[in-house]
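Analysis of the macromolecular model
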Amino acid sequence: MDFHEKDEHDPAPPIPLVRLNHVSFQCESVEASVAFYQRVLGFQLVKRPASLDFRGAWLHKYGMGIHLLQRGSDSSAPAAAARPPVINPKGNHISFQCTDMALMKARLGDMELEFVAARVRDGDTVVEQLFFHDPDGNVIEVCDCEKLPVIPLADAGGADLPNLLLPVKTNVHG
């Protein structure tokens, strides 16, 4: 049996996860990344456990943490990745829910941060998205995604994985 198959005779207990705790990024400069996350997204620097014997910083806000790890010169640390030349909304990223997208867009503009604005439409619902890089080239998204309802596929009329991989065809009248 692979991980896609359900064993109907052995129901597993629910997974006891409650929320995202933190994300972790390796940094060229922990100091520059701390300043970025504090200034741009309002995170607060918090105490790290004393047993951590490597350079880094922990930040916390909005019920989640960001752990920044100093990229080292030792052979076990990955080499610094080249900064992506463009902001790619379809690449790996971390997303933050925002309640005032106009204010966030103005804030990024005032800070002279390059960003890409995008929209997702689902019927009459329009979600605004802003994508930008942190100092190490990680893509950050700020959105008002909570406008979209979360509908489990089991409740969505029997959609299956192959259908998810295909573009949805809709009639759009302009």
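Residues numbered from 1 in each chain as written. Predicted model: local features only at pLDDT ≥ 70, side-chain atom pairs only at ≥ 80, totals over all residues. Heavy atoms only, no water.

On to the packing of helix α1 (residues 30-41) against helix α2 (residues 101-110). Close contact between α1 and α2 brings their axes to 10 Å; oriented N to C, the two are set at 135 degrees. With respect to α2, the axis of α1 lies oblique. Across the interface between the two elements, Arg39, Val40 and Leu41 of α1 pack against Met104, Arg107 and Leu108 of α2. Split into classes, the residues belonging to the contact of α1 with α2 amount to 4 nonpolar, no polar and 2 charged. (Axes fitted to C-alpha atoms, helices over the stretch in contact; angles between N-to-C directions. Helix = DSSP H or I, 4+ residues; strand = E, 2+ residues; numbered from the N terminus. Parallel < 35°, antiparallel > 145°, perpendicular 65-115°, else oblique. Contact = heavy atoms within 4.5 Å. Nonpolar A, V, L, I, M, F, W, Y, C, P; charged D, E, K, R; others polar.)

Turning our eyes to something else, we now look at the environment of Thr125. With respect to the element layout, Thr125 can be found in strand β7 (residues 125-133). Sequence-wise, Thr125 and Lys147 are 22 residues apart; in three dimensions their C-alpha atoms are separated by 7.0 Å. Aside from chain neighbours lying at most four places away, what touches Thr125 is Val120, Lys147 and Leu148.

A few words on the packing of aromatic side chains. One pass over the full model with this rule turns up 6 aromatic pairs. Between Phe36 and Tyr37, the aromatic rings sit 5.1 Å apart at their centres with planes inclined by 85 degrees, giving edge-to-face as the arrangement. Both residues of the pair, Phe36 and Tyr37, belong to the buried class. Between Phe43 and Phe96, the aromatic rings sit 5.6 Å apart at their centres with planes inclined by 70 degrees, giving edge-to-face as the arrangement. Of this pair, Phe43 sits in the loop between α1 and β2 (44-46) while Phe96 sits in strand β5 (residues 93-97), placing them 53 residues apart in sequence. By relative accessible area, which is 3% here, Phe43 ends up buried. By relative accessible area, which is 9% here, Phe96 ends up buried. Three or more aromatic residues joined by ring pairs make a cluster, and in this case those are Phe25, Phe36, Tyr37, Phe43, Tyr62, Phe96 and Phe132. (Phe/Tyr/Trp six-rings, centres within 6.5 Å; stacked < 30°, edge-to-face > 60°. Buried < 20%, exposed > 50% of the residue type's maximum accessible area, 1.4 Å probe, protein only.)

Considering the arrangement of structural elements, one finds Gln44 in strand β2. Residues Gln44 and His60, spaced 16 residues apart in sequence, show a C-alpha to C-alpha distance of 5.4 Å. Not counting the four nearest positions on each side in its chain, Gln44 is found in contact with Trp58, Leu59, His60 and Lys61.

So, on to the sheet that holds β5. Pairing in this open sheet of 4 strands is mixed, and the strands run β5-β8-β7-β6 from one edge to the other. For this open sheet the edge positions go to β5 and β6 (116-122), each flanked by a neighbour on one side alone. Neighbour-to-neighbour, the strand axes of this sheet turn through a mean angle of 25 degrees, independent of strand direction. Across the sheet, α1 lies against β5, β7 and β8 (139-143), angled at about 150 degrees from β7, the strand it touches most. (Pairing = 2+ DSSP bridges.)

In this model α1 runs 16 Å from its N-terminal to its C-terminal C-alpha over 12 residues, within 8% of the 16 Å that 1.5 Å per residue would give. Considered for burial, the residues of α1 that qualify are Val30, Ser33, Val34, Phe36, Tyr37, Val40 and Leu41. Down the axis, α1 shows its buried residues gathered within 160 degrees of arc, on one side only. The first or second residue beyond α1 is Gly42, which carries a positive phi of 80 degrees. (Expected span 1.5 Å × (residues − 1). Arc of directions from axis to C-beta.)

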